[in-house]
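Residues per chain are reported as follows:
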Amino acid sequence: MRVSYDWLKEYLGVSAPTPQEIEELLTFHAFEIDEVEEVGDDTVIDVDVLPNRSSDCLCHRGIAREIATLTSKGLYNDPLAHTPELPTTDKISVAIENKQDCPRFTASLITGVEVKESPQWLKDRLEAIGQRSINNIVDATNYVMLAIGQPLHAYDADLFPQVDGKWQFSVRKAKAGETVSLLAEGGKDEDRVLELKGTELLIVDQSSNTPIGLAGVKGGRYAGVHAGTTKIIVEAAHFNPVLTRKTARGLGIVIDASKRFENEPSRELPLYAQADIATLIADIAGGTCEGVVDEYLETVVTPEVEVRTEKVNALLGLTLSQDDMISIVERLGAVVTKSVNGFSAVGPFERTDLLIEEDYIEEIGRIHGLTNITSVIPEPIKLTELNKRQYYSEQLRQLLLEKGFSEVVTSSFRKKDKIQLQNALASDKSFIRSSLIKNISETLDRNVSHIDLLGLVRVQVFEIGTVFMKTEDSVGEHVSLALGVRTKATGYTPKDDKPLYEAMEAIHQLLGVQLEWRVEQGVAETNLSAVLESLDTPKAYEPITQRSDGVFQAFSSYPAMSRDISLWTNEGTTIKEVETVLNETAGELRVRTTLFDEFTKDGRTSFAFRLVFQSYEKTLTDEEVNVIMDSVYEAVSKKDWEVR
């Protein structure tokens, strides 16, 4: 979440820490900071809010509250400090089909508004954190959401039909095949009509039973605010977070509002949001709040949690006193009562994550500072059970590595396969793999062109990984072993089979059993899980061989080019003599020299070398490499060696 420093100062006051101090505080006690940048006269801090705190910290007040907790200074201005007192209205009615789907729904009537461009301060504040200004009414709803974390939506009241002098809202499940027209992304005017499955939650104009929005996800085009609007109805509600997430992810409509609803902000927030929006609209649009209707069907009582001093210190490895712990928890805004063994705490209403003793222990630990907790190395525990998969997998790894294979770890996701994901990460990751064969084949195809650069005769890879198979009523999985060989850049050739089958036979000898393999064009795969059941349980793990430390060397992202040179030399000429001449003449762009043929005939020795060239700065051209090779030929001729 992008956070405006100037906005935070409205809550923290003049004693607010600097942006650099905020970055350090949050990094070491709460959240990662992705970036801090200057935007105009403001500083924007990009905070990576974790899921366990998204209910209260996806807003400026939440981040400010966190900073106040960490600095022990409290908030200078807290919009949630006092319960709002708003007039009520009987001009709006709300019918809720299921209180579990929508436990609270508020709607306010604001008259006398003027829809126009937002004031510059509001546009600047929204644009600094990446929000596009639309008009003063829409901007006001976005501002309040970003301020306290409660999404809102505004309707043109004059475009709603009234029945018996009332605007009638209802919240219900969609019917299969029912459609809803939504506001297009970015405030554009194009219609976006969705056909629904019947699992979604809708906000409905009850008088005509017309869907006017996807509850918790996105507002509809029905009764949208426009330039001539003078009377609005503002909705602020609480919707079931699981239902909201399924709808948003299922329809691919994940926006700021749905992200907040699916993380379940407090049910107390809607009325605070109504108070804030009424004040803001009166200031920038000239409106007057005629009243609010509040259907609060199911309240949630913040639990009183017992926290034991001994357990806190045992889990954290600390020796904090009871008073130290109470002081930390009170900084959260919790109401604390001392007890014999510790204390009881009731968290502030917006902290919907403080439900059990461990939640408070975590808070004590991070606020006290994880850097203040001394690491303790646990005492060694004697092994009571050996993992067969680990044992035999490691033996297979060592065998294949010794035979020149490299281990790879490929993605479990595929563009096409047998089992499709309901909510895919991306269009090319919609399925989970049922085999390793395609993954290994693709790995070989991508890497075979680097044979010369690596000085290899062929590419040999293997993977030990999980694959997924669909049964009649469930999805099963097992561990597979797959290995592949590729010699030519043009693809599979029969030459690939010999080293492949040699490796397969070596595996049989290692395990002492004949495995069933599926072989396809230089790639073989077997079900390792099935084999493990028949193998003896190991009595001890093999000793670990300590390898020498490797040294990292950066590689070039530009392609390599190779040239072959065969030459006759006088008998007695050594490989090292020839390599020295070739390497010194080829210069810095030469990255590898490989001897691939040698024989002696009629008193002369023939050597054949492959020179590989690569730049760290650009893609080499044939002309550039040919110039280098001309120099190599000239140097060879000066040695009275004959290029074949």
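Residues numbered from 1 in each chain as written. Predicted model: local features only at pLDDT ≥ 70, side-chain atom pairs only at ≥ 80, totals over all residues. Heavy atoms only, no water.

Asker: Explain the overall build of the chain residue by residue, including any values.
Answerer: The helix and strand tally for the chain stands at 19 helices and 30 strands. Taking 2.2 N^0.38 as the reference for a compact globule, 644 residues should give roughly 26 Å; the C-alpha atoms of the chain span a radius of gyration of 34 Å, well beyond that estimate. Projecting the C-alpha coordinates of the chain onto the three principal axes gives extents of approximately 110 × 65 × 60 Å. Within the chain, counting contacts between residues at least 6 apart in sequence, those at least 24 apart form 69% of the total. Taking the average place of the 68 positive charges on the side chains of the chain and the average place of its 103 negative ones, the gap between the two points comes to 5 Å. (Helix = DSSP H or I, 4+ residues; strand = E, 2+ residues; numbered from the N terminus. Rg over C-alpha atoms; globule rule 2.2 N^0.38 Å. Contact = heavy atoms within 4.5 Å. Lys, Arg positive; Asp, Glu negative; His and termini not counted. Charge placed at Lys NZ, Arg CZ, Asp CG, Glu CD.)

Asker: Could you give an account of the pattern of salt bridges, with specific residues and numbers?
Answerer: Applying the stated rule across the entire model yields 37 salt bridges. For Glu358, the salt bridge is made with Lys311, and the minimal N-O distance between the two is 2.7 Å. With a gap of 47 residues between them, Glu358 in helix H12 (residues 357–368) and Lys311 in helix H10 (residues 309–316) connect regions that are remote in the sequence. Overall, the relative accessible area of 35% leaves Glu358 in the partly exposed class. (Salt bridge = Lys/Arg side-chain N within 4 Å of Asp/Glu carboxyl O. Buried < 20%, exposed > 50% of the residue type's maximum accessible area, 1.4 Å probe, protein only.)

Asker: Now, about the environment of Thr244: what can you tell me, with residues and values included?
Answerer: Assignment of secondary structure puts Thr244 in helix H7 (residues 241–251). Separated by 29 residues in sequence, Thr244 and Ala215 place their C-alpha atoms 7.4 Å apart. Those residues in contact with Thr244, other than ones at most four positions away along the chain, are Ala215, Gly216, Val217, Phe239, Ser258, Phe261 and Glu262.

Asker: Describe the environment of Thr106, naming the residues involved and giving the relevant values.
Answerer: The residue Thr106 is located in strand S5 (residues 104–111) in this model. For Thr106, a relative accessible area of 0% puts it in the buried group. Taking the C-alpha atoms as reference, Thr106 lies 10 Å from Leu269; in sequence the two are 163 residues apart. For Thr106, the residues in contact, after removing those within four places along its chain, are Val234, Glu235, Ala236, Pro270, Gln274, Val292, Val293 and Asp294. A distance of 2.5 Å separates a polar side-chain atom of Thr106 from the backbone oxygen of Ala236. Of the polar contacts made by the side chain of Thr106, one reaches the side chain of Gln274; its length is 3.0 Å. (Polar contact = N/O pair within 3.5 Å; in protein donor to acceptor, adjacent residues only side chain to side chain.)

Asker: Please provide a residue-by-residue account of the side chain of Thr410, values included.
Answerer: Along the chain, Thr410 turns up in the loop between strand S19 (406–407) and strand S20 (413–414). Of the polar contacts made by the side chain of Thr410, one reaches the side chain of Asn439; its length is 2.9 Å. In contact with Thr410, other than residues within four places in its own chain, are Arg433, Asn439, Thr443 and Glu463.

Asker: Quick one: what's the story with a negative patch on the surface, residue by residue and with numbers?
Answerer: Judged by side-chain charge, Glu32, Asp34, Glu35 and Asp48 come together as a negatively charged surface patch. Of all the elements, strand S2 (residues 32–39) adds the most residues to the negative patch, at three residues. Among the secondary structure elements, Asp48 is positioned in strand S3 (residues 42–48). (Patch = residues over 30% accessible without salt bridge, like charges linked within 9 Å, V, L, I, M, F, W, Y side chains within 5 Å. Areas by Shrake-Rupley, 256 points an atom, 1.4 Å probe, with all protein chains shown as cover.)

Asker: I'd love a proper account of the packing of aromatic side chains, names of residues and values included.
Answerer: If you walk through the whole model with that rule in mind, you get 13 aromatic pairs. For the pair Trp121 and Tyr143, a centre-to-centre distance of 5.6 Å together with 90° between the ring planes defines the contact as edge-to-face. Taken together, the positions of Trp121 in helix H5 (residues 120–128) and Tyr143 in helix H6 (residues 136–148) put the pair 22 residues apart, joining distant regions of the chain. Between Tyr272 and Phe349, the aromatic rings sit 5.3 Å apart at their centres with planes inclined by 20°, giving stacked as the arrangement. On the criterion of sequence distance, the pair formed by Tyr272 in helix H9 (residues 269–284) and Phe349 in the loop between strand S18 (342–346) and H12 is long-range, its members being 77 residues apart. A residue is classified by how much of its surface remains accessible, and Tyr272, at 7% relative accessible area, is buried. We classify Phe349 as partly exposed; its relative accessible area is 22%. Taken together, Phe105, Tyr155, Phe160, Phe169 and Tyr222 form an aromatic cluster joined through their ring pairs. Lying over the aromatic face of Phe596, Arg610 brings its terminal NZ or CZ to 5.0 Å of the ring centre. (Phe/Tyr/Trp six-rings, centres within 6.5 Å; stacked < 30°, edge-to-face > 60°. Lys NZ or Arg CZ within 6 Å of the ring centre and 35° of its normal.)

Asker: Summarise the packing of H10 against H12; cite the residues concerned and give the values.
Answerer: Remark: H10 packs on H12, axes separated minimally by 10 Å, with the N-to-C direction vectors making an angle of 60°. Overall, the two elements H10 and H12 adopt an arrangement that is oblique. Handedness of the H10/H12 crossing: right-handed. Only Glu357, Glu358, Ile361, Ile364 and Gly365 of H12 make contact with H10, whose side of the interface consists of Lys311, Val312, Leu315 and Leu316. The residue makeup of the contact of H10 with H12, split by class, is five nonpolar, one polar and three charged. (Axes fitted to C-alpha atoms, helices over the stretch in contact; angles between N-to-C directions. Parallel < 35°, antiparallel > 145°, perpendicular 65-115°, else oblique. Left-handed = near helix turned anticlockwise from the far one by under 90°. Nonpolar A, V, L, I, M, F, W, Y, C, P; charged D, E, K, R; others polar.)

Asker: Please set out the sheet that holds S5 residue by residue, giving values where relevant.
Answerer: Whenever strands of a sheet pair, they do so through backbone hydrogen bonds, lying parallel or antiparallel. Pairing within the open sheet is antiparallel, and its four strands lie in the order S6-S14-S5-S15. Two strands lie at the open edges of the sheet, namely strand S6 (153–156) and strand S15 (288–296), each paired on one side alone. The sheet shows a mean angle of 20° between the axes of neighbouring strands, taken without regard to direction. In terms of strand pairing, S5 meets strand S14 (residues 231–238) through eight bridges, oriented antiparallel. Looking at S14, one finds that Thr106 is bridged to Ala236. Lying over the sheet, H9 contacts S5, S14 and S15, oriented at roughly 155° with respect to S14. (Pairing = 2+ DSSP bridges.)

Asker: Explain the sheet that holds strand S17 (residues 335–338) to me, and be specific about the residues and the numbers.
Answerer: Strand order in the open sheet formed by three strands is S16-S18-S17, with antiparallel pairing between adjacent strands. Edge positions in the sheet fall to strand S16 (304–308) and S17, since each has one partner strand and no second. Adjacent strand axes in the sheet meet at a mean angle of 25° when their direction is disregarded. For S17 and S18, the ladder comprises four bridges, and the chain directions are antiparallel. Looking across to S18, one finds that Val336 is bridged to Ala345. Each of S16 and S18 touches H10; the most contacted strand, S16, lies at about 65° to it.

Asker: Lay out H9 in plain terms, naming residues and giving numbers.
Answerer: With 16 residues, H9 should reach 22 Å at 1.5 Å per residue; the first-to-last C-alpha distance of 22 Å fits that figure. With 12 of 16 residues buried, H9 lies mostly within the body of the structure. Turning to H9, its buried residues are Leu269, Pro270, Leu271, Tyr272, Ala273, Gln274, Ala275, Ile277, Ala278, Leu280, Ile281 and Ile284. Each element contacted by the buried residues of H9 is listed here: S5, H5, H6, S14 and S15. (Expected span 1.5 Å × (residues − 1).)

Asker: Tell me about unusual backbone geometry, and please be specific about residues and values.
Answerer: Most peptide bonds take the trans configuration, and most residues that are not glycine carry a negative phi. If you check the backbone angles, Glu264 has positive phi at about 55° while not being a glycine. Checked against the element boundaries, Glu264 lands in the loop between helix H8 (256–262) and H9. One non-glycine residue with positive phi stands out, namely Gln521, at about 45°. With respect to the helices and strands, Gln521 occurs in the loop between strand S25 (518–520) and strand S26 (523–527). Its relative accessible area of 57% is what places Gln521 among the exposed residues.

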